[in-house]
Every structure is written in structure tokens, then in C-alpha cells.
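# An overview of the molecular structure
Single-letter residue listing:
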Amino acid sequence: MSVRLFEGKEHALSYWKYRISPSEEIINKILVFLEKHRSRPFELVVDVGCGSGQGTVLLGPHFSKAVGTDVSPAQLEMARQHSSAENITYRECPAEELPFENATVDLVTSMSAFHWFDHPRFLKEADRILKPKGCLALLNYTINDMELSYGDCSNALSQICKEFADALMPYRNPYLGTTSMDHYKKAYNALEYLDKEWHETLQTRKTVSVSNYIGLVESFSPYQTILREDPEKARRLSQDTTERLLKAMGVTSPDTEIVLSVRYYCLLACKP
Ligand SMILES: C[S@@+](CC[C@H](N)C(=O)[O-])C[C@H]1O[C@@H](n2cnc3c(N)ncnc32)[C@H](O)[C@@H]1O
């Protein structure tokens, strides 16, 4: 079973504006893993569930061709609007039916999207299109893996950030279970590829404004559920969190910058 969300225009715009992408260090880790198995130049990477393309554009410079794929026309429109590199293109298709020939792809990635796919069908499809010794990289982070820093009140901010995430927990899509990491670990354990790695603590740090941090959390599916069910409750939650953060920081402007740390986890595997 796969779950289709994130497809509206507003949601795609908030993705483009607020979603973070993996650090250069994480992208490098994937490339180093790939280079252990396939020599450069790398031909083709397919970034599945690419959303508005923030991960696809990081991969583009390392491949002759990068293709982002997604089921959402609105997300793809956003991706195309913000990508000018000639070697990056986007295709509308489900993760479970990828329009590539057998054994033609060096690297298949999926960033913050695999948990929504039909796992067995997607993994079979990735296996079909990967070249021998081609690699698979599945990455994700969650709202529970975020910390905020600002001056000497970082602990207080991280606690407010945790409480914001906790308030969204009851609105998680039941399909996901209590933690999306379980989907990735299960896939890792089930994958029959012998050469595979599991990484759990890959940090990405980014300076963002308080309002951008709020926008990021608002782009997650549980917040979008509250917004649909009870818009006033959603608005209050964001406003209260903003006010608490600003008070703890001793500032008044939501444009004030903080450092957001996000912990990614990642499955890397090489097709025999
Ligand atoms: C949380 S977003 C992640 C976007 C981007 N990769 C990122 O790192 O921010 C998940 C994306 O997966 C897409 N998606 C969900 N299920 C899908 C499926 N079965 N096939 C293809 N794309 C899918 C959604 O449309 C959405 O753009």
C-alpha cells in the first residue's frame, strides 16, 4: 500500500520555501558509498518522491543526468520552476512504476518519501532499474529529531520544539505507526543485498528564522491534518509556539535567526 499526500499547490509551495535538504556531508557519504562500487563518471541518478526537488538539485552536479520523480504535479511544477541545470529533469510517476529501462541507473535515492511508498513494489522496481553494483540510498528525518540553538537558551528552545512535535503526534497518519524509522529499519533488515549500511545520526545544521522553523513543521503531514480538521487549532498551535520561542529568546521578531539541527537516518545498499 502507498499513501498519497503533499500534493496540493499550497503544500508544494511550503515545501519549496521551508523544507531542509541533507547536508553536503550526507550527500558525500552517499557518493563515497557509490564510488566504492561503481567508478566515476556516474551516469544516472533517480530521486524518487523528489517533491519540490531540493535533494535532486544536490545530486545533479555529480551525475551526467539526474531525474526527480514524484506523483504530485504541483510538487514537480515547483521543482521545475526552481531548477535551471540542464542535466536535471523531472518525471511524474509513482515510485512503484519507474519509467526507466532495466539496469540503467547508478543510484536510486529517496529523501523523506520512502515511508509513503508501497515498500515491496518500490524496492522491486529500484532493483530492476539499478545497474549491477548500483546503489540505493533511503534517507529520512522526523520532527522528533530536531533541536534549536540560540545563545544560552538552546535547552529551553529544544524543549519547546519537542512539545510542538509532541502536540502533532496524535495526528500522525496511522499507516506510519509510532515512528517512520521502523519502515526504514524493516527495509534494511529485509534487503537481500549483502553490502548495506545503516546510519542513524547524520546531523544537518541550518540557520533559519523562527518563522521558517514554524513553516517547516507546518509542512509535515500531521500539522496538515490539524489544519484540515481544525484550522483555528492549527493556527493557535503555531502562534503559541512562536510566542514561546520568542519569549525564551528575549526577542520580538519572528525573523530572528536560530540554528536548526536535524538528525537524519539513512539506509545505503549496493545491488550485487
Ligand atoms: C515528504 S515529501 C519529500 C520531498 C523531498 N524528497 C524532500 O526531501 O523534502 C514526500 C514526497 O513523496 C511523494 N510521494 C508520496 N508517495 C509517492 C509515491 N507512491 N510515488 C511517488 N511519489 C510519492 C509526495 O508527492 C511528496 O512530494
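Preceding this section is the structure that the text describes.
Residues numbered from 1 in each chain as written. Predicted model: local features only at pLDDT ≥ 70, side-chain atom pairs only at ≥ 80, totals over all residues.

### Here we look at the overall build of the chain
Operational definition: By the criteria applied, helices consist of DSSP H or I runs no shorter than four residues and strands consist of E runs no shorter than two, each listed in order from the N terminus. What the globule rule says is 2.2 Å times the number of residues to the power 0.38, and the radius of gyration is computed from C-alpha atoms. Any residue whose C-beta has 12 or fewer other C-beta atoms within 10 Å is treated as exposed, any with 20 or more as buried, and any in between as partly exposed, C-beta atoms being built from the backbone. Two residues qualify as being in contact provided that their C-beta atoms, derived from the backbone, are within 7 Å of each other.
What the chain contains, in helices and strands, is 10 helices and eight strands. The globule rule puts the C-alpha radius of gyration for 272 residues at 19 Å, and the 19 Å found for the chain is close to it. The principal-axis extent of the C-alpha atoms belonging to the chain is close to 55 × 40 × 35 Å. By the burial criterion, 38% of the 272 residues in the chain qualify as buried. A sequence separation of at least 24 residues applies to 77% of the contacts in the chain between residues at least 6 apart.

### Quick word on the packing of helix α6 (residues 154-168) against helix α10 (residues 231-249)
To characterise two packed helices, one gives the angle between the axes of the helices and the distance between these axes. Formally: Axis lines are fitted to C-alpha atoms, over the contacting stretch for helices. Their N-to-C directions set the angle, which ranges from 0 to 180 degrees. The scheme is simple: roughly parallel for angles under 35 degrees, roughly antiparallel for over 145, roughly perpendicular for 65 to 115, oblique for anything else.
Following both chains from N to C, one finds α6 and α10 inclined at 170 degrees, their axes separated by 9 Å at the closest point. The orientation of α6 relative to α10 falls into the category roughly antiparallel. Packed against α6, whose contacting residues are Ala156, Leu157, Ile160, Phe164 and Ala167, the element α10 presents Leu237, Thr241, Arg244, Leu245 and Ala248 at the interface.

### Some points on the pairing of strand β3 (residues 88-92)
We count it as follows: Pairing between strands requires that DSSP locate at least two bridges from one strand to the other. Handedness of a crossover: with both strands directed away from the viewer, a clockwise path from the first strand across the helix to the second marks it as right-handed.
Here strand β2 (residues 63-70) pairs with β3 via five bridges, running parallel. Each residue of the ladder has a partner; that of alanine 66, found in β3, is isoleucine 88. Viewed along the sheet, the connection from β2 through helix α4 (residues 73-81) into β3 turns out right-handed.

### Details of the site of the ligand
Note the cut-off: The rule is simple: place the C-beta atom from the backbone, and if it lies within 6 Å of a molecule or strand, the residue is near it. Under the scheme applied, nonpolar residues are Ala, Val, Leu, Ile, Met, Phe, Trp, Tyr, Cys and Pro; charged residues are Asp, Glu, Lys and Arg; polar residues are all the others, including Gly.
Within the structure, the ligand sits among 21 residues, and Gly49, Gly51, Ala95, Met111 and Ala113 are positioned closest to it. A breakdown of the residues in the shell around the ligand according to their chemical character gives nine nonpolar, eight polar and four charged.

### Points about helix α9 (residues 221-229)
Rules: As used here, the arc belongs to the directions running from the helix axis to the C-beta atoms.
Taken as a whole, α9 has its buried residues at Tyr223, Gln224 and Ile226. The buried residues of α9 occupy an angular sector of 155 degrees when the element is viewed end-on, so they sit on one face. Exposed side of α9, more than 90 degrees from the buried face: Arg228 and Glu229 are the residues found there. Packing partners of the buried residues in α9 comprise α1 (9-18), α6, α8 (210-218) and α10.

### A word on unusual backbone geometry
A cis amide bond links arginine 40 with the next residue in sequence, proline 41, at an omega value of 0 degrees. Tracing the chain through its elements places proline 41 in the loop between α2 (24-37) and β1 (42-48). A positive phi is found at alanine 103, a non-glycine position, where the angle reads about 55 degrees. Inspection of the secondary structure puts alanine 103 in the loop between β3 and β4 (105-111). With a phi close to 55 degrees, serine 112 is a non-glycine residue in the positive phi region. Within the secondary structure, serine 112 sits in the loop between β4 and α5 (119-129). The exposure class of serine 112 is buried, given the 24 C-beta atoms found within 10 Å.

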